[in-house]
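A look at the structure
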Amino acid sequence: MKENWKILIGVLSALLCTVIVCITINFTVKQAAKVQADSNESTSENSNYNAAVAPTGNVVIKNPGINSGEVNTDANGVVSADNNSAVQQGNSNTQSNSTTKSNSNSVNPLSFNKAQLAAYYNSCLKKSYSQAKMTATKTQHVNVTVSGIDIGSLNMDVDKMAQSIISSNTKNNDKPETKTFTNGKASDGTSASSFVEPANLYAEAAKSITIKQSGSGYVMNIVLNQESCSHTGTAKYNASCSMPLDINAIDFGAIATINKCEFNYPGTKLTATIDSQGRVTRIDTTMPLTVKDAEGKAMGVTIKVASISGTWTCHDVMKFS
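Attention in this report is confined to the structure presented alongside it. Predicted model, so just to flag it, every value in this text is computed and none were measured. (Residues numbered from 1 in each chain as written. Predicted model: local features only at pLDDT ≥ 70, side-chain atom pairs only at ≥ 80, totals over all residues. Heavy atoms only, no water.)

Looking now at the pattern of salt bridges. In the structure shown here, the tally under the stated rule is four salt bridges. Arg279 is the partner of Asp275 in a salt bridge, and the nearest nitrogen-oxygen pair spans 2.9 Å. Given the relative accessible area of 16%, Asp275 is considered buried. Classification of Arg279 by relative accessible area gives buried; the value is 12%. (Salt bridge = Lys/Arg side-chain N within 4 Å of Asp/Glu carboxyl O. Buried < 20%, exposed > 50% of the residue type's maximum accessible area, 1.4 Å probe, protein only.)

With that settled, the discussion passes to the side chain of Asp316. Structurally, Asp316 can be placed in strand β14 (residues 301-320). Looking at Asp316, the relative accessible area reads 1%, which means it is buried. A distance of 2.7 Å separates a polar atom in the side chain of Asp316 from a polar atom in the side chain of Lys138. Discounting residues that sit within four places of it in the chain, Asp316 has contacts with Thr137, Lys138, Phe195, Val196, Glu197, Thr281, Arg282 and Ile283. (Helix = DSSP H or I, 4+ residues; strand = E, 2+ residues; numbered from the N terminus. Polar contact = N/O pair within 3.5 Å; in protein donor to acceptor, adjacent residues only side chain to side chain. Contact = heavy atoms within 4.5 Å.)

Considering all chains together, one arrives at zero disulfides under this definition. Between Cys229, a cysteine without a disulfide, and Cys261, which holds the nearest cysteine sulfur, the sulfur-to-sulfur distance is 8.5 Å. Among the residues examined, Cys229 registers a relative accessible area of 11% and is labelled buried. (Disulfide = S-S within 2.5 Å.)

This next bit is on unusual backbone geometry. Notably, Asn183 is not glycine yet its phi reads approximately 50°, a positive angle. Within the secondary structure layout, Asn183 lies in the loop between β5 (177-182) and β6 (185-186). A positive phi angle is found at Asp293, which is not glycine, with a value near 50°. Within the element layout of this structure, Asp293 appears in strand β13 (residues 280-298).

This next bit is on the nonpolar core. With 35 residues, the main nonpolar core has Tyr120, Tyr121, Leu201, Met220 and Ile283 as its most contacted residues. Where this core is concerned, the elements lending two or more residues are α5 (114-129), β4 (134-150), α7 (192-195), β7 (206-214), β8 (217-224), β12 (269-274) and β13. Sort the elements by how many residues they give to this core and α5 lands first, with seven residues. Setting aside anything within four residues of it in sequence, one finds Tyr121 in contact with Leu201, Met220, Ile222, Cys241, Leu270, Ala272 and Ile283. With 23 residues, the next largest nonpolar core counts Ile247, Met287, Val301 and Ile308 among its residues. (Core = buried A, V, L, I, M, F, W, Y, C linked by side-chain atoms within 4.5 Å.)

Structure (structure tokens):
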């Protein structure tokens, strides 16, 4: 992958699948090693263990980051959430006001209600993305813990293997990545909204949205509602303004399958800094996540993982010229 941040975003979901792949490879190679001469058997098993850890880098992340099913907004940042008619109705009462909110100098968002603040956040972020030139620097950190790995009667040091997978996938923690965007597009075709954060926040997604004056601009604090989904579902609240994980973005071909798992997002937090011109200049995101009751199968071996917990933190800083 060119963008290391995509690997970091995918690490929690990739971990489960990679454990399955590694255990399967390890098991298969060890079975083959039994037919070798007794004098070579011990050496073969040691080298095969190392080979089982190494393939973690071969995991292909097809399209990590934002899940499908984004909520749409119009050009003024007004929400049109087709999965929530109540939100649509609430926004229809404020749409005429929201149209005038593109310039922070002409409005006072300190008096906005939650739906208006969501629309204001979207419009400010879109204004940032529409600038003639925007340079965005993204710094990320992921920490992951795993508990309760059950591989039946196979005799393997699974804890050591899991730790190797975590270390491999998080080796680029805290390494900044910078892209320059012209009218919302980078030279490699990346859109600003997919590199920084999506601008589709809607009122129902948030537990709370608050705003306060900061110099000539504002600081907004957004706390998303708790949500859970299966590995085939969509974390719609997080997808509206953050980057939830998509386990379906991991391509393992016929090697492994995920039978079940549950993603729990207890409440992602975002803090956005808005300048005097109504542009978002910084977003700090903290997204905790727990993957529970995961079960997969690879080449006849069933693996169960009780819990994978972690937190993704991200700092996006935007400058304009």
